[in-house]
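Architecture and fold: a report
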There are 2 protein chains.
Amino acid sequence: MAGLVERARDGQPRAVARLISLVENDSPVLREVAALLARGGGGAHRERVDGAAQVVGLTGSPGVGKSTSTNALVAALRAAGKRVGVLAVDPSSPFSGGALLGDRVRMQDHATDDGVFIRSMASRGQLGGLSAAVPQALRVLDAAGCDVVLVETVGVGQAEVEIASLADTTVLVVAPGFGDGIQAAKAGIIEIADVFVVNKADRDGADQVVRELRHMQSLGGRHSAAGAWRPPIVKTVAARGEGVDDVLAAIEKHRGWLAEHGELDRRRQARAAAEIEAITLGTVKLRFTSVHGSAALDDAAGRVVAGETDPYTAADELVAAL
Amino acid sequence: MAGLVERARDGQPRAVARLISLVENDSPVLREVAALLARGGGGAHRERVDGAAQVVGLTGSPGVGKSTSTNALVAALRAAGKRVGVLAVDPSSPFSGGALLGDRVRMQDHATDDGVFIRSMASRGQLGGLSAAVPQALRVLDAAGCDVVLVETVGVGQAEVEIASLADTTVLVVAPGFGDGIQAAKAGIIEIADVFVVNKADRDGADQVVRELRHMQSLGGRHSAAGAWRPPIVKTVAARGEGVDDVLAAIEKHRGWLAEHGELDRRRQARAAAEIEAITLGTVKLRFTSVHGSAALDDAAGRVVAGETDPYTAADELVAAL
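Parameters and conventions
- All residue numbers refer to positions counted from 1 along the written sequence of the respective chain.
- Ligands are numbered from 1 and chains lettered from A, in the order in which they are written.
- Given that the model is predicted, a residue must reach a pLDDT of at least 70 before its local features are reported, and side-chain atom pairs must reach 80 or more before they are shown or counted; all residues, however, enter totals for whole chains, interfaces and linings.
- Under the DSSP-based scheme used, a helix requires at least four consecutive residues in state H or I and a strand at least two consecutive residues in state E, with every element numbered from the N terminus.
- Here exposure depends only on C-beta density: within 10 Å of a residue's C-beta, 20 or more other C-beta atoms make it buried, 12 or fewer make it exposed, and intermediate numbers make it partly exposed, the C-beta atoms being placed from the backbone.
- Contact between residues is assigned whenever the C-beta positions, reconstructed from backbone atoms, fall within 7 Å.
- Here, axes are lines fitted to C-alpha atoms. For helices the fit covers the stretch in contact, and angles between N-to-C directions go from 0 to 180 degrees.
- Throughout, the term roughly parallel applies to angles under 35 degrees, roughly antiparallel to angles over 145, roughly perpendicular to angles from 65 to 115, and oblique to all others.
- By definition, any crossing whose near helix is turned counterclockwise from its far helix by less than a right angle is left-handed, and any crossing with a clockwise turn is right-handed.
- In this classification, Asp, Glu, Lys and Arg are treated as charged, Ala, Val, Leu, Ile, Met, Phe, Trp, Tyr, Cys and Pro as nonpolar, and every other residue, Gly included, as polar.
- Here pLDDT means the predictor's own confidence in every residue, given as a number from 0 to 100.
- Two strands are said to pair when DSSP picks up at least two bridges between them.

Further remarks concern the overall build of chain A. Counting secondary structure elements, chain A contains 12 helices and 7 strands. Here chain A holds 322 residues, and the buried ones make up 52% of them. In chain A, 77% of the contacts between residues at least 6 apart in sequence involve partners at least 24 apart.

Attention shifts here to the packing of helix α1 (residues 2–9) of chain B against helix α2 (residues 13–24) of chain B. Residue and element names in this part refer to chain B. One can describe the packing of α1 onto α2 by two numbers: an axis separation of 7 Å at closest approach and a directional angle of 120°. Taken as axis vectors, α1 and α2 run oblique relative to one another. α2 is crossed by α1, and the crossing has left-handed handedness. Across from Leu-4, Arg-7 and Ala-8 in α1, the residues of α2 making contact are Ala-15, Val-16, Arg-18 and Leu-19.

Here we come to the environment of Tyr-312 of chain A. Its location among the elements puts Tyr-312 of chain A in helix α12 (residues 311–320). Classification of Tyr-312 of chain A as buried rests on a count of 25 C-beta atoms within 10 Å.

Below, the discussion takes up the packing of helix α4 (residues 66–79) of chain A against helix α10 (residues 244–260) of chain A. Helix-helix packing: each pair is described by the crossing angle between the helix axes and the interaxial distance. Residue and element names in this part refer to chain A. Between α4 and α10, whose axes approach to 9 Å, the crossing angle comes to 75°. Here α10 runs roughly perpendicular to α4, going by the angle between their axes. Between α4, through Ala-72, Leu-73 and Ala-76, and α10, the contact on the second element is made entirely by Val-244, Asp-245, Val-247 and Leu-248. Of the residues assigned to the contact of α4 with α10, the class counts are 6 nonpolar, no polar and 1 charged.

Moving on to the confidence of the model for chain A. Residues and elements named next belong to chain A. In this model, chain A carries an average pLDDT of 80, and 78% of its residues clear a pLDDT of 70 or more. Confidence over residues 93–105 falls short of pLDDT 50; this stretch has 30 contacts with residues more than four positions distant or in other chains. Scoring of the predicted complex yields 0.67 for pTM and 0.76 for ipTM.

So, about the pairing of strand β6 (residues 195–198) of chain A. All names here are of chain A. Here β6 shows a buried face lined by Val-195 and Val-197 and a second buried face lined by Phe-196 and Val-198. Pairing geometry for strand β5 (residues 169–174) and β6, over 4 bridges, is parallel. Within β6, the residue paired with Val-171 across the bridge is Val-195. The sheet contact formed by β6 and strand β7 (residues 233–235) spans 3 bridges and is parallel. Pairing of Val-197 across the sheet is with Val-234, part of β7.

All right, on to the pairing of strand β1 (residues 54–59) of chain B then. All names here are of chain B. Of all 6 residues that make up β1, 6 are buried, and the element is covered over most of its length. Of the two faces of β1, the one carrying Gln-54, Val-56 and Leu-58 and the one carrying Val-55, Gly-57 and Thr-59 are both buried. Where β1 and strand β4 (residues 148–153) come together, 5 bridges link them in parallel fashion. Bridge pairing in β4 links Val-56 to Leu-150. By the bridge criterion, 4 bridges tie β1 to strand β5 (residues 169–174) in an arrangement that is parallel. The partner of Val-56 across the bridge, within β5, is Thr-169.

With that out of the way, let us pick up the environment of Ile-233 of chain B. All names here are of chain B. Assignment of secondary structure puts Ile-233 in strand β7 (residues 233–235). A C-alpha to C-alpha distance of 4.6 Å links Ile-233 and Phe-196, two positions 37 residues apart in sequence. Sequence-distant contacts of Ile-233, defined by excluding residues within four places in its chain, comprise Phe-196, Val-198, Val-210, Leu-213 and Arg-214.

This is the structure:
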């Protein structure tokens, strides 16, 4: 393991891929890997300190062009000489394992560039789920010398909000014709977005979307306080690369604001706390299963269905037996 | 509490609303309510047995017309003399509390009909989250004599898949122009849908959506086994009520299939198991917080950020102290 971690620190793509697979599959050696990564240290990017990677979350409704935006951002970051990691996270795929994301096909522009690491992750079986797995994968990509890691999520559900909230900067991508304004507000994503991107801005309705976003911002929330960050609204046509540099500039500006206000540390602290909590609950869940087996839960469920007990009493009995 | 539960069993809207509020707010009296509900018993609908309510989940991307479909289904069910409950669940709204759902406005056609109970629920602070709260709310609506409860979710994320999986029958609503085929497949929702509804079927592209769904079905999955349920695809224009009776017929047919194959019991059993597990983990989480306080977690997170420890070791220490 120590050798593998060293090779990942040297930025060797296969070692990085291997480590992220260990994270995704919740491998038993993951504890050892985590300990080795925590120890910090060298590699080919010795001038860097661990934790230097900037984490940018991209989220938005299906179809608005998140993948295209990610692709365009990677190209722009590479042009600026940055090493880039991409984590395409599909929290809503308990069944298909995220295979449909097809990132390797989608991102083939960058497939042969060893300054880009691309991985998709689904939500299969990890101890602590994606709340634990994503921070760990971020740590691997950070150790591998990535300057920026883009975390792209599918959809706009609760899980996406949680993952987006793990980022230093969260970018919400919207597009005309997706009813995104009100829908994003429903999803609570409006409230965690640091940068709004109105993609497909060459289409009818783009200005309307911008107006809706402005209106929602004017309704207040956390951005209305004095000194608060007011999320900029950037128009792009990601498929043609238009406006992408403006997005990067907005992200950079936000990073400056974060650093200036001590928010960068606060967000990293919150990310670690979420990770530890997720692992803790995952551990308890594992213990629950190993103590009770699924039979005890089935039995309790049967008694609830039959009206012999209520779910609280059943849960109390199971907890008491832990 | 006993009086309140009795009034809910008599179908009094205010008592039902009050009980669901207790569920949503994770009230301390909830255990007592759950025990009273589990005890079963009379009310104005004494001929019914508890657990008779048919639970139908409606899910799909924002904008496809889920709310309109729900509204049309309620009207059709009322015309057939059924008592109907509607739970509009917004799992992705940790911040805005679901207020933007605006159900009371949206569903005002049925606001004065005392055979319809309408409630929206967001994911605030319940012990065990929506996985526990939704089954409890279903139990209240069941006790109140609802023949059918429609559970409508916002969006197509992991949480929506989980909630949809609590239903007896899950209806996936799609519409032309939403790229729904591939997106729903990404979300794993294709695999849990029992009935597909192609809404806005008067628009261009509706037949294309039907073909895409057929193609996905032909790719196999759980529906390809002999004797398996093959989800029908129903075209609707919900805004004009077209095709809504066909949707009800498909739901009814699926219920027959469930009963015939012992699946109805299996799904109810699974719902109760999910509920108990959610309450159990919620209890552990509460205990975790009360034992450690947030300071211990913050401290651990700080040490992880500083590279002094790794998240697994930190989690182990916290679990050991429980």
